[in-house]
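# Reading the structure
As a plain string of letters, each chain reads:
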Amino acid sequence: MTLEQIAQKLKTLKSAVIFCHMRPDGDAIGSAMGLKRLLSACGVHCSVACESVIPEKFRFLPGTEEFSAPADMQAEAFIAVDSSDENRLGKYGELFAKAKKVKFNIDHHVSNTRYADHNYVEDVAATCEIVVRLAEYLGGVRDALTANYLMTGLSSDTGNFAHKNVTADTFRAAAHLAECGADINLIQFNMFKKQSRERARLFGETMAKIRYFAEGRIAVICVTQEDLKRTGASSDMTEGFIDFPLGVEGVEVAACLLETGDKRFKISLRSKGKANVNEIAAVYGGGGHVLASGCMIGGDPEEVTDKLRYTILQHLAD
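Residues numbered from 1 in each chain as written. Predicted model: local features only at pLDDT ≥ 70, side-chain atom pairs only at ≥ 80, totals over all residues. Heavy atoms only, no water.

## Focus: the sheet that holds strand β5 (residues 118-121)
Which entries qualify depends on this criterion: What makes two strands pair is DSSP finding at least two bridges between them. A helix here means a DSSP run of H or I that spans at least four residues, while a strand means a run of E at least two residues long, and both kinds are numbered starting from the N terminus. Angles run from 0 to 180 degrees between N-to-C directions of axes, and those axes are lines fitted to C-alpha atoms, restricted for helices to the stretch in contact.
Taken together, the 5 strands give an open sheet; going across it, the order is β2-β1-β3-β4-β5, and neighbouring strands pair in parallel fashion. Each end of this open sheet is capped by a strand with a single partner; those strands are β2 (45-49) and β5. Between one strand and the next, the sheet's axes are offset by a mean angle of 15°, whatever the strand orientation. Note that strand β3 (residues 77-81) and strand β4 (residues 102-107) share 5 bridges and pair parallel. Of the residues in β4, the one forming a bridge with alanine 80 is asparagine 105.

Structure (structure tokens):
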């Protein structure tokens, strides 16, 4: 199905709920809130449902108090954005799967399972890049706030336009959003520079304990519940931590272990290109992209680290 066909179906709706994945990042938030504003301008009553509350760092954007509303079961359609499968929707996953609604799936992950009635999946830098093109068929980006939401997603998922997934089309989408009023300076400061003292302390302590394996080709960092409690930081403050160990000379794959519950770790994986971390994450039921993926693994930190070290070595090219 083409984007134009998706847009034509969306414009016929009277109401919709837009779902995004649990522990939302900038792309999930930007694509959900941006699409909400685009559809609202077309006369479609929309709300955004997410298992998690919006992280503090994204609250510089007006309107974020509308994020994570209860799912409106009277809505005509359900739309999932930036989620590779229903399980990533957390507590809403089963609801989405079983609901007798018209269902849409708009995403950019190569591991997407095409779980909706109408799917548009394309391996591009960010789901927001897709939504920018979708906007052309929905009347265009009409105001600066919509542009800021979509630019936040583009900037977030590309590491401020520095990752390998950035293409000329990504820059064209960003340029169009700038023309529509997006404030890249505001977004860049809040996304990549501004931080609390608690985050700064947690970051310093975490990076002081980077562990290296395979002659320095694998780097692992770990953030436990005790670390969060001791520093006063919250789990959403760890976003972006993974980029530091990947930047260390000689490191080909970096892994971040974030304890989300008793002996339960959210794993973020990044690669410079000599390992497909989507395949590594898939071993543990996760997925994402070739160079950036994630999964969940149970066990104590040492056990989880050993599992990851072994699996990464099996996928790491010489």
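From this point, the discussion proceeds with the structure in view.
## Brief notes about the packing of helix α2 (residues 26-41) against helix α5 (residues 144-157)
Each pair of packed helices gets described by two things: the angle between the helix axes and the distance between those axes. Heads up, the rule is: Note that the term roughly parallel is reserved for angles under 35 degrees, roughly antiparallel for angles over 145, roughly perpendicular for angles of 65 to 115, and oblique for everything else. Two helices cross in a left-handed way if the nearer one is turned anticlockwise from the farther one by less than a right angle. They cross in a right-handed way if the turn is clockwise. Only heavy atoms matter for contacts: two residues are in contact if any of them lie within 4.5 Å across the pair. For this classification, the nonpolar set comprises Ala, Val, Leu, Ile, Met, Phe, Trp, Tyr, Cys and Pro, the charged set comprises Asp, Glu, Lys and Arg, and every other residue, Gly included, is treated as polar.
Where α2 contacts α5, the two axes come as close as 7 Å, and the packing angle between them is 155°. Considered as vectors, α2 and α5 are oriented roughly antiparallel to each other. Of the two elements, α2 crosses α5, and the hand of that crossing is left-handed. Two secondary-structure elements touch here, α2 through Gly26, Asp27, Gly30, Ser31, Met33, Gly34, Arg37 and Leu38 and α5 through Leu145, Thr146, Tyr149, Leu150, Thr152, Gly153, Ser156 and Asp157. Classifying every residue of the contact of α2 with α5 by side-chain character gives 5 nonpolar, 8 polar and 3 charged.

## Quick look at the sheet that holds strand β8 (residues 253-261)
Two modes of strand pairing occur in sheets, parallel and antiparallel, and in both the strands are linked by backbone hydrogen bonds. Ordered in space as β6-β7-β8-β9-β11-β10, the 6 strands form an open sheet in which the pairing is mixed. Strands with a single pairing partner mark the edges of an open sheet, and in this sheet they are β6 (211-213) and β10 (287-288). By the bridge criterion, 7 bridges tie strand β9 (residues 264-271) to strand β11 (residues 292-298) in an arrangement that is antiparallel. Residue pairing in the sheet places serine 268 in a bridge with glycine 294 of β11.

## Considering the UniProt feature "domain: DHHA1" (unreviewed entry) in the chain
Under the convention used in this document: UniProt positions are given in the numbering used here, feature names are shortened, and annotations may be inferred rather than shown by experiment.
Residues annotated in UniProt with the feature "domain: DHHA1" (unreviewed entry) correspond here to residues 230-308. From the first C-alpha to the last, residues 230-308 spans 26 Å; its make-up is 25% helix and 33% strand.

## Some remarks on the environment of arginine 201
Defined as follows: Buried, partly exposed and exposed residues are distinguished by accessible area as a fraction of the type maximum, computed with a 1.4 Å probe on protein chains only: under 20%, between the cut-offs, and over 50%, respectively.
Along the chain, the position of arginine 201 falls in helix α8 (residues 197-207). The class of arginine 201 is partly exposed, set by a relative accessible area of 39%. Residues contacting arginine 201, with those up to four places away along its chain left out, are Arg230 and Thr231.

## Description of the pattern of salt bridges
We count it as follows: Any Lys or Arg side-chain nitrogen found within 4 Å of a carboxyl oxygen on Asp or Glu counts as a salt bridge.
Inspection of the entire model under this criterion finds 12 salt bridges. For glutamate 205, the salt bridge identified is with arginine 201, shortest N-O distance 3.1 Å. Here arginine 201 and glutamate 205 lie together in helix α8, a separation of 4 residues that amounts to about one turn. Among the charged side chains, a salt-bridge network with shared partners connects Arg201, Glu205, Lys209, Asp227 and Arg230.

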